[in-house]
Amino acid sequence: MKTTAEMKIEISNARISNVKAMVMPNGSCKLKFEVEMATQEQNNENANDDCILVEASKLSLKDAFMRHEPQTEAERKFKAILTKVIKTGIEDFYRPSMDPSFSDKEKTKIHYMAGEQPAVGKSYNWWIETLKDSKWCFGTKAQYVAFLGVLIKMLVSEGWTVDEAWDAVCNDSVKLGYYWNSDNAKHKFEDTGSREICGFFDLANTHKILAEDEETGYFWLAGGNCNNYGNYYPLADLVLDYYYDINHYYGVAWLVLKK
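Residues numbered from 1 in each chain as written. Predicted model: local features only at pLDDT ≥ 70, side-chain atom pairs only at ≥ 80, totals over all residues. Heavy atoms only, no water.

What follows concerns the side chain of E75. You can see E75 is positioned in helix 2 (residues 73–88). Setting aside chain neighbours within four positions, we find E75 in contact with H68, E69, P70, W166, D167, C170 and N171. (Helix = DSSP H or I, 4+ residues; strand = E, 2+ residues; numbered from the N terminus. Contact = heavy atoms within 4.5 Å.)

Turning to the packing of helix 4 (residues 141–157) against helix 5 (residues 162–170), a few remarks are in order. Taken N-terminus to C-terminus, the directions of helix 4 and helix 5 make an angle of 140°; their axes are 9 Å apart at the nearest point. The hand of the helix 4/helix 5 crossing is right-handed. Where helix 4 abuts helix 5, its residues L148, L151, I152, L155 and V156 lie against V162, A165, W166 and V169. Classifying every residue of the contact of helix 4 with helix 5 by side-chain character gives nine nonpolar, no polar and no charged. (Axes fitted to C-alpha atoms, helices over the stretch in contact; angles between N-to-C directions. Left-handed = near helix turned anticlockwise from the far one by under 90°. Nonpolar A, V, L, I, M, F, W, Y, C, P; charged D, E, K, R; others polar.)

Glancing now at the sheet that holds strand 12 (residues 255–258). If you trace the four strands from one edge of the open sheet to the other, you get 3-4-12-7, paired in antiparallel fashion. Edge positions in the open sheet fall to strand 3 (51–54) and strand 7 (137–138), since each of these has one partner strand only. Pairing analysis gives two bridges linking strand 7 to strand 12, with the strands arranged antiparallel. Bridge assignment links C137 to a residue of strand 12, and that residue is V256. (Pairing = 2+ DSSP bridges.)

Moving on, we come to unusual backbone geometry. At H187, a position not held by glycine, the phi torsion is positive, near 60°. The topology assignment puts H187 in the loop between helix 5 and strand 8 (207–212). With a relative accessible area of 37%, H187 lands in the partly exposed category. A positive phi is found at C198, a non-glycine position, where the angle reads about 55°. Looking at C198, the relative accessible area reads 10%, which means it is buried. (Buried < 20%, exposed > 50% of the residue type's maximum accessible area, 1.4 Å probe, protein only.)

Pairing within the open sheet is mixed, and its four strands lie in the order 10-9-8-11. At either margin of the open sheet sits one strand with a lone partner, and together these are strand 10 (238–241) and strand 11 (251–253). Neighbour-to-neighbour, the strand axes of this sheet turn through a mean angle of 35°, independent of strand direction. Pairing between strand 9 (residues 219–222) and strand 10: four bridges, direction antiparallel. Across the sheet, residue F219 finds its bridge partner in strand 10, namely D241. Where helix 3 (residues 124–131) meets the sheet, it contacts strand 8, strand 9 and strand 11, and its direction lies at approximately 70° from that of strand 8.

Put simply, helix 2 and helix 5 touch, their axes get as near as 9 Å, and they point 90° apart. The orientation of helix 2 relative to helix 5 falls into the category roughly perpendicular. Between helix 2 and helix 5, the residues in contact are A74, E75, F78 and K79 and W166, D167 and C170, respectively. (Parallel < 35°, antiparallel > 145°, perpendicular 65-115°, else oblique.)

For the coordinates displayed, the defined rule picks out 16 aromatic pairs. Seen from their ring centres, Y218 and Y242 are 5.3 Å apart, and the 45° between their planes marks the pair as tilted. Residue Y218 is found in the loop between strand 8 and strand 9, and its partner Y242 is found in the loop between strand 10 and strand 11; the two are separated by 24 residues along the sequence. With a relative accessible area of 36%, Y218 lands in the partly exposed category. Given a relative accessible area of 45%, Y242 falls into the partly exposed group. The lysine or arginine in question, R95, covers the ring of F147, its NZ or CZ lying 4.7 Å from the ring centre. (Phe/Tyr/Trp six-rings, centres within 6.5 Å; stacked < 30°, edge-to-face > 60°. Lys NZ or Arg CZ within 6 Å of the ring centre and 35° of its normal.)

One finds F78, L148, L151 and V169 to be the most contacted residues of the largest nonpolar core, which totals 40 residues. Secondary structure elements with two or more residues in this core: helix 2, helix 4, helix 5 and strand 9. Sort the elements by how many residues they give to this core and helix 4 lands first, with nine residues. L148 has contacts with F78, V169, L235 and A236, leaving out every residue within four places of it along the chain. Core analysis: the second largest hydrophobic core is formed by 26 residues, Y94, W126, L131 and F189 among them. (Core = buried A, V, L, I, M, F, W, Y, C linked by side-chain atoms within 4.5 Å.)

What follows is the structure, given as C-alpha cells:
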C-alpha cells in the first residue's frame, strides 16, 4: 500500500532555489538544497514583515480605558506612568509578535521563529554587541509602557471589561502569559510563539530586558517569567537593574524597530 506524505522545510535567512532528492536503500530520503542566503541589508529591509505596528501615538487621555479609576496601588502607579508617556508624546514603532530565539547552535545570533526555545542566558552587554550592526534596538521603558496601554485598549476591544483589562496587565497577568501558576504549566520555558493574546505571543514566559534609562543610568527589567507567579510579576512590573555583564537566564531583550 502506497501513501503520500508532505513536509514543509524553511531555512532561516535564506531562500531555497533548488532541491535534489535521492531515495536511500533503507527507505529514507536524502535531500540536497541549493539556497540563496539573504544579505544583512535584505534582512533589515524585510524585518518589518514579522512585526506588528504598535500605534502608540494614537493613545489619548480621552480613550475610554484611560477613564478607569485605579483599584490598586499597581494600577495607580502604572496609570501615572502611562499618562506621562501620553502627555510627552511617543511615536509609533514595530515590535515582533514573539520572543527571539537563537538562529545558530553557538547561540551567537538571533531571529524570530515560533516553536523554539527563547534566547535566554545573555547579558545586556551581549545584546548591545549583537545588535550593533542591525536595525533592532532595545525598546525603552516608555515604549513598553505604551505597548501595555495599547494592549489594554485591544483587550477591551475584544470584549474584556475595562476593569478586567487593567487588572490583568497591572495586578495578575496569569491570563495573559505563561507563569508558574498558569494552566498546563510544566515549570520550564514554553517554545516561542505560545499563548497568543491580541496577536502577540510570549507576553510572559521570559522577563523582558529594556533599554538603559537616561535618568538613572541603569536598565529596566519588565514582567515575569515561567518561574514567577502572575500576581507577583505582572506585565506592568518594572525593576531597575545595573548588572550589565550578568547573564539573564530567564530573560530576553525586548526589541523594537522604528516605523
